[in-house]
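# Geometric and topological summary
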Amino acid sequence: MTLSRIRIPLWPLLAATLGGVAAGAEPDFYRDVFPFLKANCIACHNKTTAKAGLNMETPEWMIKGGDSGPGIVPGKSAESLIVEASLHEGDLEMPPEKNKSGAVKLTEAEIALLKTWIDQGAKASVQAERQVTWKPLAPGVDPIYSVAVTQDGRYAVCGRSNRLFLYDLATRQFVAEIADPSEKAGGAHRAMVQSLAFSPDGTRLASGSFREVKVWKLADGPPPAAPAPATAPVKVADEALLAKIAAAGKVSIVSQALSADGSQLVTGCADGSVRVWDVASAKAVAELRGSHRVSREMAEKEWSIARQTLEQAFQKAEIARIEAQNKALDELLKKANDAIVAMKKVLPDKQKAVKPAQDAKATGQKAVDEVLAKIKAAPEGKADAALEKQLKDAQEKLAPLTMAETSALAAVSATESNIRDAEVDVKRITDTKNQNAQALSAANAAIETAKKTQEQATAALASAKQTLAKPGAKPVAVALSADKQRAAAVFEDGRLTVWAVASGSAVEDVAGTAAPTATLLAGTDGVFSATGPDGKVTIAGVLPRWTLERTLGGEKDRAIFADRVNAVKFSPDGKLLATGGGELSRSGDVIVFEAATGKPVATWKDRHDDIVMSLDFSPDGKRLASGAADKIARVTEIATGEPVTLLEGHTHYVMGVTYRADGRVLATAGADGVVISWDMILGERKKKIEGWTKEVTSVQFIGATNQIVTSAGDNRLRIVSDEGSEVRSIAGLPDFMQAAASTPSGTTLIGGGEDSTLRVWNGADGKELAAFGMP
């Protein structure tokens, strides 16, 4: 028996292939038919991509059909186009051979089941909720898909696999893993971390994953019932070492303590500074001044200076634009006025020409009328040859006279019309120039206001810097943390301040009681404990502790999110949390929650035709920009939920969106290797920025500047201006970069990607400051 003659019963094959449909039982659409349609047909015939106008996702859509008519006819499989196409008979072939979706021709068993379902009425059924079977994530596969930085620039967080890791950018250290104790396999989520965002005040962190968002809250103080931290006895330097360092550094030492291993010495100096020294070489490691309060105020002044620089640049560009427009308007106004003068000059002559033309025509008409009267008086009202000739001659003479009159009148009318049009142009141009004059006045006033604000901020910043350099309160006690990454001092005014040695920045202040002496101890947990003469204890340096506040979606509420939550973003006031996701190739959903309660306040299903990849609030918090896999960026008015702007320009996924600090420009990053800056006043493209060879995976405006930091699949972090110029490129990174972010000041950049390493760079020169692998 040859193979070609073997007959295989179809229903047993169906039972084996499709999970079994009992003999005589009706096939269920979602259980029995939908799986093979989804595998081989729906990639090209769905809500988003409906080739030939046909959507095959539901029985109702197939019955409705497409360009060629109904796809199926209930009860009549032999007349159904989908069946005909699946048989690859005639001109219809579905799916076609060598298609890009990897779809294959339906098997005989699948076609038989499809026919049976149609013949039995093509009935719809209820789609069972998709059950997710959780499997352990592959060990060693820990890409960083998202990063975030607190608004004060102190902390950074990244997601690796399903875990969250917190870092101190000031000390350049790993701080802790943020985990959910209820996750049996450990980590923060069951699935990969897709998105991260800190609230503006740094007290909340949102992390998005598969069908859920977790909101974490920064806890106050040490953990409940935490044991008292162990402290090492204070070690001090001998007189010889102190004399050597005092001489080398030309300082007067008033307090001092050695590090736990004795390799470094921290000194409080009479000029109010705190200095860290290398014991072996007696060379300074760091000079620490000021307080966290002063550092914060300086950062605010620097932000204000940058913001006012941005404002002045915008207003100057507006002035240049208006002046260029005025120049063009002046030319148009001159032409209009010249036209009026010229037309009015020739109008009298044209008007004078009307009367002679009218008289001539009247004379010619009179001659015609006289001949007609003679003809009327002739016998039987018939003209003889002579009269006919007279009439013809008269009419021939009248025709040019009539035309001359018409031309004369038309010339007058045209000249008068041209004058009126020119006068309308003059009024329109004059009105526009008046409006421009007001706009110029407003722009110049805005520049002056920005200059004054900037000058005040600059003066305040300079004063703060001068104050730092001047002698201040004396540090009566000093200490170094066990890892030598933080130094602390108690000042005679009672203030306890902690600095990060690596960056030299003050990271914490705690007020205390003024006293001439104090004892300062460094705990093994990094906590500094200061005791005054009155026995009152002040502590600082407690590591941040994050606890799970709530879960949005997840196992308890699966209906909220359709799939991965690819974007999370807090509003500028921290009151709202926006999330973006959807179902791949089907929908792009945006849901906005109250940050404090987790209550949904707005749900915009199908805001995009494909999954939402990125979100950003406008600086005033009134609008939300979203970028999606449908290659489009949209802007939505939050109060009304109405889309207000649609931005089309990318040819692939929109991976990132970011507002400039003044809200006048939005930048979008695409998987097409392009960044586009958009003028949000006009709602049109400002600049198409190129130069990447692969996907641009993230985009963020740096502080209050026009500079944008980007990450990309071409192993680079790249900074460009919204005008398109390149500021800096950090190239040659080991792997595909998925995410990047900047501190508001722009002094520190972070980025991560497929190699699982979180890197930290100096924003000023692009030099790498730290690289953190998986702890």
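Residues numbered from 1 in each chain as written. Predicted model: local features only at pLDDT ≥ 70, side-chain atom pairs only at ≥ 80, totals over all residues. Heavy atoms only, no water.

### Some remarks on the overall build of the protein
For clarity, the threshold we go by: Numbering goes from the N terminus for both helices and strands, where a helix is a DSSP run of H or I of at least four residues and a strand is a run of E of at least two. Each radius of gyration is computed over the set of C-alpha atoms, and the globule rule expresses the reference value as 2.2 Å times the number of residues to the power 0.38. Throughout, exposure labels follow a simple rule: accessible area from a 1.4 Å probe, protein chains only, divided by the maximum for the residue type, with under 20% read as buried, over 50% as exposed, and the rest as partly exposed. Residue contacts are defined here by distance: any two heavy atoms, one from each residue, within 4.5 Å place the two residues in contact. To measure how exposed things are, a 1.4 Å probe is used in the Shrake-Rupley method; for residues, cover is taken only from the protein chains shown. The sign given to each residue is positive for Lys and Arg and negative for Asp and Glu; His and the chain ends receive no count. By convention, the charge on Lys lies at NZ, on Arg at CZ, on Asp at CG and on Glu at CD.
Along the protein, the regular secondary structure elements total 9 helices and 39 strands. For the protein, whose C-alpha radius of gyration is 40 Å, the value lies well above the compact-globule estimate of 28 Å for 775 residues. If you line up the protein on its principal axes, its C-alpha atoms span 150 × 100 × 45 Å. Looking at the protein residue by residue over its 775 residues, the buried ones come to 46%. Across the protein, the fraction of contacts at a sequence separation of at least 24, relative to all contacts at a separation of at least 6, is 51%. When the accessible area of the protein is evaluated, it comes to approximately 38,300 Å², of which 53% is carbon and sulfur surface. Each charge class in the protein was averaged separately, 93 positive and 96 negative side chains, and the resulting centres sit 3 Å apart.

### Looking at the sheet that holds strand β39 (residues 768-772)
Sheets are built from strands paired through backbone hydrogen bonds, the pairs being either parallel or antiparallel. We apply this condition: DSSP calls a pair of strands paired once it identifies at least 2 bridges connecting them. Only the stretch in contact is used when a helix axis is fitted, and all axes are lines through C-alpha atoms; the angle between N-to-C directions ranges over 0 to 180 degrees.
The strand order across the open sheet formed by 4 strands is β36-β37-β38-β39, and the pairing between neighbours is antiparallel. The sheet is open, and its two edges are formed by β36 (737-742) and β39, each paired on a single side. Ignoring strand direction, the axes of neighbouring strands in this sheet form an average angle of 15°. Here strand β38 (residues 758-762) runs beside β39; their pairing, made up of 4 bridges, is antiparallel.

### Here we look at the environment of Ala489
By the element assignment, Ala489 lies in strand β13 (residues 486-491). Residue classification places Ala489 among the buried residues on the basis of a relative accessible area of 0%. Distance in space between the C-alpha atoms of Ala489 and Asp509 is 9.9 Å, their sequence separation being 20 residues. If we skip the residues at most four places from it in the chain, Ala489 touches Val274, Pro475, Ala477, Val478, Arg495, Leu496, Thr497, Trp499 and Leu520.

### With respect to empty space enclosed by the protein
Heads up, the condition is: Here a cavity denotes a set of grid points, spaced 1 Å apart and computed over the protein atoms alone, in which a 1.4 Å probe fits but from which it cannot get out, and a pocket denotes an open set meeting protein on both sides within 12 Å along at least five of seven lines; residues with an atom within 4 Å of a point are reported as lining. Grid points are joined across faces, edges and corners, and a volume is the space filled by probe spheres set on the points. Amino acid classes used here: Ala, Val, Leu, Ile, Met, Phe, Trp, Tyr, Cys and Pro are nonpolar; Asp, Glu, Lys and Arg are charged; the rest, including Gly, are polar.
Throughout the structure, instances matching the rule amount to 1 cavity of 30 Å³ or more. Counted as a void, the largest cavity has a volume near 70 Å³. Along the wall of the largest cavity there are 14 residues; nearest its centre are Phe561, Gly580, Gly581, Gly582 and Asp589. When the residues that make up the lining of the largest cavity are grouped by side-chain class, the tally is 6 nonpolar, 4 polar and 4 charged.

### Section: the pattern of salt bridges
What counts here: When a carboxyl oxygen of Asp or Glu lies within 4 Å of a side-chain nitrogen of Lys or Arg, that pair is called a salt bridge.
On inspection of all chains with the given rule, the structure shows 44 salt bridges. In this structure, Arg428 engages Asp425 in a salt bridge whose closest nitrogen and oxygen atoms are separated by 3.4 Å. Taken as a pair, Arg428 and Asp425 lie in helix α9 (residues 385-469) at a separation of 3 residues, close to a single helical turn. Residue class for Arg428 comes out partly exposed when judged on its relative accessible area of 44%. The residue Asp714 makes a salt bridge to Arg716 at a minimum N-O spacing of 3.0 Å. Given a relative accessible area of 14%, Asp714 falls into the buried group.

### A look at the packing of helix α2 (residues 29-40) against helix α5 (residues 108-119)
For any two helices packed against each other, the geometry comes down to the angle between their axes and how far apart the axes lie. What counts is decided by this rule: Just so you know how the angles are binned, under 35 degrees is roughly parallel, over 145 roughly antiparallel, 65 to 115 roughly perpendicular, and the rest oblique. Here a crossing is called left-handed whenever its near helix is offset anticlockwise from the far helix by less than a right angle, and right-handed whenever the offset is clockwise.
At a minimum axis separation of 10 Å, α2 and α5 run at an interaxial angle of 135°. Judged on the interaxial angle alone, α5 and α2 are oblique. By crossing handedness, the relation of α2 to α5 is classed as left-handed. Contacts from Phe29, Asp32, Val33 and Phe36 in α2 reach Glu110, Leu113, Leu114 and Trp117 in α5. Considered class by class, the residues forming the contact of α2 with α5 number 6 nonpolar, no polar and 2 charged.

### Observations regarding the nonpolar core
Burial of nonpolar side chains together is a common tendency in soluble globular proteins. Quick reminder of the rule: The set of buried Ala, Val, Leu, Ile, Met, Phe, Trp, Tyr and Cys residues whose side-chain atoms join them within 4.5 Å is what this entry labels a nonpolar core.
In terms of nonpolar packing, the biggest core is built from 23 residues, with Phe29, Leu37, Met56, Met62, Ile82, Leu114 and Trp117 touching the most fellow members. Among the secondary structure elements, those contributing two or more residues to this core are α2, α4 (81-86) and α5. Looking at this core element by element, the count peaks at 6 residues for α2. Here Trp117 is in contact with Pro27, Phe29, Val33, Pro59, Met62, Ile72, Ala122 and Lys123, once residues within four sequence places are set aside.

### Focus on helix α6 (residues 239-249)
For an α-helix the count is 3.6 residues per turn, leaving residues at separations of three or four pointing the same way. Stated precisely, the cut-off is as follows: Arc, as used here, means the arc of the directions from the helix axis to the C-beta atoms.
Of all the positions in α6, only Leu241, Leu242 and Ile245 are classed as buried. End-on view of α6: buried residues confined to an arc of 100°, all on one side of the axis. Of the exposed residues in α6, those oriented more than 90 degrees away from the buried face are Glu239, Ala240 and Ala247. Buried residues in α6 make contact with β8 (253-258), β9 (264-269) and β10 (274-278). Positive phi shows up at Lys250, right after α6, with a value of about 55°.

### Considerations on the packing of aromatic side chains
One pair of aromatic rings is described through two measures. These are the centre distance and the angle between the planes. Inclusion rule: When the centres of two rings from Phe, Tyr and Trp lie within 6.5 Å, Trp using its six-membered ring, the rings pair. Their planes under 30 degrees apart give stacked, over 60 give edge-to-face, and anything left gives tilted. Each ring is checked for a lysine NZ or an arginine CZ that lies within 6 Å of its centre and within 35 degrees of its normal; such an atom marks a charge sitting over the ring.
Applying the stated criterion to the full structure yields 10 aromatic pairs. For the pair Phe491 and Trp499, a centre-to-centre distance of 6.2 Å together with 65° between the ring planes defines the contact as edge-to-face. You'll find Phe491 and Trp499 in the same group, each marked buried. An aromatic cluster of at least three residues, connected via ring pairs, comprises Phe29, Tyr30, Phe34 and Trp117. If you follow Arg160 out to its NZ or CZ, it ends over the ring of Phe165, 5.0 Å from the centre. Across the ring face of Trp692, the terminal group of Arg718 is positioned such that the distance to the ring centre comes to 4.3 Å.

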